[in-house]
Amino acid sequence: MSPFLSKTVRLAHLVEDGALVIALVSMLLMALLQIAMRNFFDSGFLWAESFLRILVLWVAMLGAMVATRERNHINIDILSKFLDPSVMRLLRVLTNLFAAGVCFVSVYYAVEFIQYEFQDGTIAFASMPVWICQSIIPIGFAVMGLRFLITLGLERG
C-alpha cells in the first residue's frame, strides 16, 4: 500500500472512531441531562427523545462499521474445528461475498428510503431534516460492503 493511501486510510479510521466516540458520549450526556432535568426541575428538552433515537442509530451504524473494520463482527466458527483449512478459506470467501452483497442491496434500499424522507420533508429535531440524520444508513452499509470485499481479496490471496 502506498504511503499516501496508508495515511488516507488511517485518517478515515480516525474520523470513524472519533465520530463513534462523539456520538456515544453525546448520547450518554444528553440522556443524563434529560433525566436530571426531569427529576430535579420537572422539565426537559422537547427534542431530546428524537435526538437520542438518532444517536442510537448513528452509534449502531458506526459501531458496525468499526466491528467490520476490525473483523470483530458476529461470527459463527463452529465449522472451523471440523473442516480442512482450505475448505474454511473457501467458506470465508463465500460468506464475505454474501455479506458484501447484502450490504450493497441494503445501500440501494437505504438510498431509496432516504429519497422518500427527503420528499416528505420531515423534521427530526430542532430544524434538522430526518433524511440528513438517516444518511448514516447507506454510508455505513457501503463502508461495510467495501470492507467485506477487501476482506474477500485478502482471503483469496
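Residues numbered from 1 in each chain as written. Predicted model: local features only at pLDDT ≥ 70, side-chain atom pairs only at ≥ 80, totals over all residues. Heavy atoms only, no water.

Summarise helix H2 (residues 48-69); cite the residues concerned and give the values.
Taking 1.5 Å of rise per residue, the 22 residues of H2 would be expected to cover 32 Å, and the 31 Å separating its terminal C-alpha atoms lies within 8% of that figure. Residue Arg71 follows H2 closely and has a positive phi angle near 55°. (Helix = DSSP H or I, 4+ residues; strand = E, 2+ residues; numbered from the N terminus. Expected span 1.5 Å × (residues − 1).)

Before we move on, could you go through unusual backbone geometry and cite the residues and values that matter?
For residues other than glycine, phi is negative in most cases, and the peptide bonds are mostly trans. The phi torsion at Asp42 lies on the positive side, around 50°, for a residue other than glycine. Of note, Asp42 is situated in the loop between helix H1 (3-41) and H2. Assessed through its relative accessible area of 73%, Asp42 is described here as exposed. With a phi close to 50°, Ala126 is a non-glycine residue in the positive phi region. Residue position: Ala126 is located in the loop between strand E1 (123-125) and strand E2 (128-129). Classification of Ala126 by relative accessible area gives exposed; the value is 63%. (Buried < 20%, exposed > 50% of the residue type's maximum accessible area, 1.4 Å probe, protein only.)

So, the packing of aromatic side chains: which residues are in play, and what are the values?
Applying the stated criterion to the full structure yields 6 aromatic pairs. On the basis of an interplanar angle of 75° and a centroid distance of 5.0 Å, the ring pair of Phe51 and Phe125 is categorised as edge-to-face. Pair noted here: Phe51 is in helix H2 and Phe125 is in strand E1, with a separation of 74 residues, a long-range link. With relative accessibility at 14%, the residue Phe125 sits in the buried group. Ring pairing ties together the aromatic residues Phe45, Trp47, Phe51 and Phe125, which thus form one cluster. (Phe/Tyr/Trp six-rings, centres within 6.5 Å; stacked < 30°, edge-to-face > 60°.)

Run through the side chain of Ser50, naming residues and quoting values.
Mapped onto the fold, Ser50 is located in helix H2. Assessed through its relative accessible area of 15%, Ser50 is described here as buried. With sequence-adjacent residues up to four places away left out, Ser50 is seen in contact with Ala124 and Phe125. (Contact = heavy atoms within 4.5 Å.)

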